[in-house]
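# Residue-level structure breakdown
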Amino acid sequence: MEKELKVVLIGIVQGVNLRRSLSKFANILGLRGYVKNEKDGTVVVVAQGSEKKLEELLDWILKLPFPVKVTGMNYEWRTPHKKLSGFKIEKEKSFLQDEAQSFINLTKEIVRLKAERRVPQHVVIIPDGNRRWARQQGLKAWIGHKVSSQPERLKQYFLECRDFGVKYFTFWALSTENLTTRDERELKVLYQIIRDNINEYEKLLETEKIRFRHLGRKDRLPTDIIEALNRLEKTTEKFDDLHMQLCLDYGGRDDIVRAIKKMIDAGITEVNENLVSEYLDGAGIPDPDLIIRTSGEHRTSGILPYQSTYAELYFTNIYFPDFGPLEFRRAILDYAGRVRRFGGTAEEDIKQPEASVSEQKSQAALS
């Protein structure tokens, strides 16, 4: 069954030969549709074909080399309403006017990028689907956990975070519910995976200068695991370039309950939002900007609930073992293309009238 994919690309995407290269690649894939420049400086792609070929097009977009710089990407899967023919570049103006407008938009985008960078400061991953992935491969369920927890795999995410400027990366490995509902044999395997990799984790964190913190209960995990996590926290506490938080035996409600108990023990009688934050496991860590969940589940399951009020959510059907650097990058770019209001009015909305006037002047200069 054929699908239709609409992609909106934000960034340095006009005036850099993107449309020509994309059209050529789409034709090689046998896709139908078009690519065109929009007045706001974005590039819109509408493509029809098999899901596999459309995924190839998405991956190609994520690998675009300099001078193209995609800083935001929104995309949606749709059912085609009518069949398009071939793949072409759509232009609403003459060649010279089109090229001139592309150059104007390119200049605007470069200026904007220097002034702001829409990058999440804190990204959380809920790595779901390890067991289902393994079963689909005809493997034992625990193999999925092993594949997902390799040090080299974590390093790939760290490199992506550094490339984009993400400073806090939280990974949810085991929930409080998992600890009481998962088979004891599976838990033993998970603990052993940590033990087998702990030295490599330590080398990786020290080499990459990443600060490590454990979020979650410390009274139910094996003693040697807790000691190892405490050691990682101690040996990396001086680093500040990139922060990694591992949620192990973590539950959002449990986190809040433990915080309340600590406040009671401290004799606190007057409470405000900031004070509560200081008693949570993630004290001192910025609230999440983006929460990613893999495997097709559309819920957060209680990850950092107090801190995630304004977090953007990104859900993908891909099982976590297949959620590699390109998929991670896709999620970051999707975030970069969103408008965050935090209960107020978006800056874009406030500036819209002024932008419209500037746009009219540009159009007049071209006519």
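Residues numbered from 1 in each chain as written. Predicted model: local features only at pLDDT ≥ 70, side-chain atom pairs only at ≥ 80, totals over all residues. Heavy atoms only, no water.

### So, the overall build of the protein chain
Selection rule: A run of DSSP states H or I qualifies as a helix once it reaches four residues; a run of E qualifies as a strand once it reaches two. Both are numbered from the N-terminal end. Whether a residue is buried, partly exposed or exposed follows from its accessible area with a 1.4 Å probe, protein chains only, as a fraction of its type maximum: under 20%, in between, or over 50%, in that order. Residues count as neighbours in contact if any of their non-hydrogen atoms are within 4.5 Å of one another. The Shrake-Rupley method, run with a 1.4 Å probe sphere, supplies the accessible areas, and residue values consider only the shown protein chains as cover.
From N to C terminus, the protein chain includes 13 helices and 11 strands. Burial statistics for the protein chain: of 367 residues in total, 47% are counted as buried. In the protein chain, 78% of the contacts between residues at least 6 apart in sequence involve partners at least 24 apart. When the accessible surface of the protein chain is totalled, it reaches about 19200 Å², and 51% of it is carbon and sulfur.

### Thoughts on the sheet that holds strand β10 (residues 290-293)
One key point about sheets: their strands pair by backbone hydrogen bonds, in either a parallel or an antiparallel sense. Let me state the cut-off plainly: If DSSP finds at least two bridges between two strands, the strands pair. All axes here are fitted lines through C-alpha atoms, helices being fitted over the stretch that makes contact, and every angle between N-to-C directions spans 0 to 180 degrees.
Taking strand neighbours across the sheet as the criterion, the six strands line up as β8-β9-β7-β6-β10-β11 in an open arrangement whose pairing is parallel. On the outer flanks of this sheet lie β8 (210-215) and β11 (312-315), each paired with one strand and no other. Strand-to-strand twist in this sheet, taken as the mean axis angle between neighbours without regard to direction, amounts to 20°. Here β10 runs beside β11; their pairing, made up of four bridges, is parallel.

### Regarding the UniProt feature "active site" (unreviewed entry) in the protein chain
Rules: UniProt positions are given in the numbering used here, feature names are shortened, and annotations may be inferred rather than shown by experiment.
In the numbering used here, UniProt assigns the "active site" (unreviewed entry) feature to Arg 19, Asn 37, Asp 128 and Asn 178. Relative to the assigned elements, Asn 37 resides in strand β2 (residues 32-37). Tracing the chain through its elements places Asp 128 in the loop between β6 (122-126) and α4 (130-136). Not counting chain neighbours up to four residues away, the residues in contact with Asp 128 comprise Arg 293, Thr 294, Ser 295, Glu 297, Tyr 319 and Phe 320.

### Some words on the environment of Gly 216
Mapped onto the elements, Gly 216 comes out in the loop between β8 and α9 (223-236). Looking at Gly 216, the relative accessible area reads 4%, which means it is buried. For the pair Gly 216 and Ser 175, spaced 41 residues apart in the sequence, the C-alpha separation amounts to 8.4 Å. In this structure Gly 216 touches Leu 248, Asp 249, Tyr 250, Arg 258 and Asp 281, once residues within four positions along its chain are discounted.

### Digging into the pairing of β8
Judged by how many residues are buried, β8 sits mostly within the fold: five of six residues are covered. Sheet topology note: the β8/strand β9 (residues 242-250) ladder contains six bridges and is parallel. Note on β9: the bridge partner recorded for Arg 213 is Gln 245.

### Some thoughts on the pattern of salt bridges
The following threshold applies: Take a side-chain nitrogen of Lys or Arg and a carboxyl oxygen of Asp or Glu: if they are within 4 Å of each other, that pair is a salt bridge.
In this structure the tally under the stated criterion is 29 salt bridges. Between Arg 78 and Glu 76 there is a salt bridge, with the nearest N and O atoms lying 4.0 Å from each other. Of the charged contacts in the structure, one is a salt bridge between Arg 329 and Glu 160, with a shortest N-O distance of 2.9 Å. With Arg 329 in helix α12 (residues 325-336) and Glu 160 in helix α6 (residues 151-164), this pair connects stretches of sequence that are 169 residues apart.

### Digging into the packing of helix α1 (residues 18-29) against helix α2 (residues 51-62)
Rules: An angle counts as roughly parallel when it lies under 35 degrees, as roughly antiparallel when it exceeds 145, as roughly perpendicular when it falls between 65 and 115, and as oblique in every other case. By definition, any crossing whose near helix is turned counterclockwise from its far helix by less than a right angle is left-handed, and any crossing with a clockwise turn is right-handed.
Running from amino to carboxyl end, α1 crosses α2 at an angle of 150°, the nearest separation of the two axes being 10 Å. Judged on the interaxial angle alone, α2 and α1 are roughly antiparallel. When you trace α1 past α2, the crossing you get is right-handed. Residues Ser 21, Leu 22, Phe 25 and Leu 29 of α1 pack against Lys 53, Glu 56, Leu 57, Trp 60 and Ile 61 of α2.

### Digging into helix α10 (residues 252-265)
Heads up, the condition is: By this rule the span expected of a helix is its residue count minus one, scaled by 1.5 Å.
Between its first and last C-alpha, α10 extends 20 Å over 14 residues, near the 20 Å set by a 1.5 Å rise per residue. Taken together, the buried residues of α10 touch α7 (176-181), β9 and α11 (273-279). A positive phi of about 75° marks Gly 267, the residue just after α10.

### Here we look at the packing of helix α5 (residues 141-148) against helix α8 (residues 184-207)
The condition that has to hold: Residue classes follow a fixed rule: Ala, Val, Leu, Ile, Met, Phe, Trp, Tyr, Cys and Pro count as nonpolar, while Asp, Glu, Lys and Arg count as charged, and any other residue, Gly among them, counts as polar.
Relative to each other, α5 and α8 sit at 20°, their axes nearing to 10 Å. In terms of orientation, α5 and α8 fall into the roughly parallel class. In this structure, α5 crosses over α8, and the sense of that crossing is right-handed. Counting all contacts with α5, which are made through Trp 142, His 145 and Lys 146, the residues of α8 involved are Glu 186, Val 189, Leu 190 and Ile 193. The residue makeup of the contact of α5 with α8, split by class, is four nonpolar, one polar and two charged.

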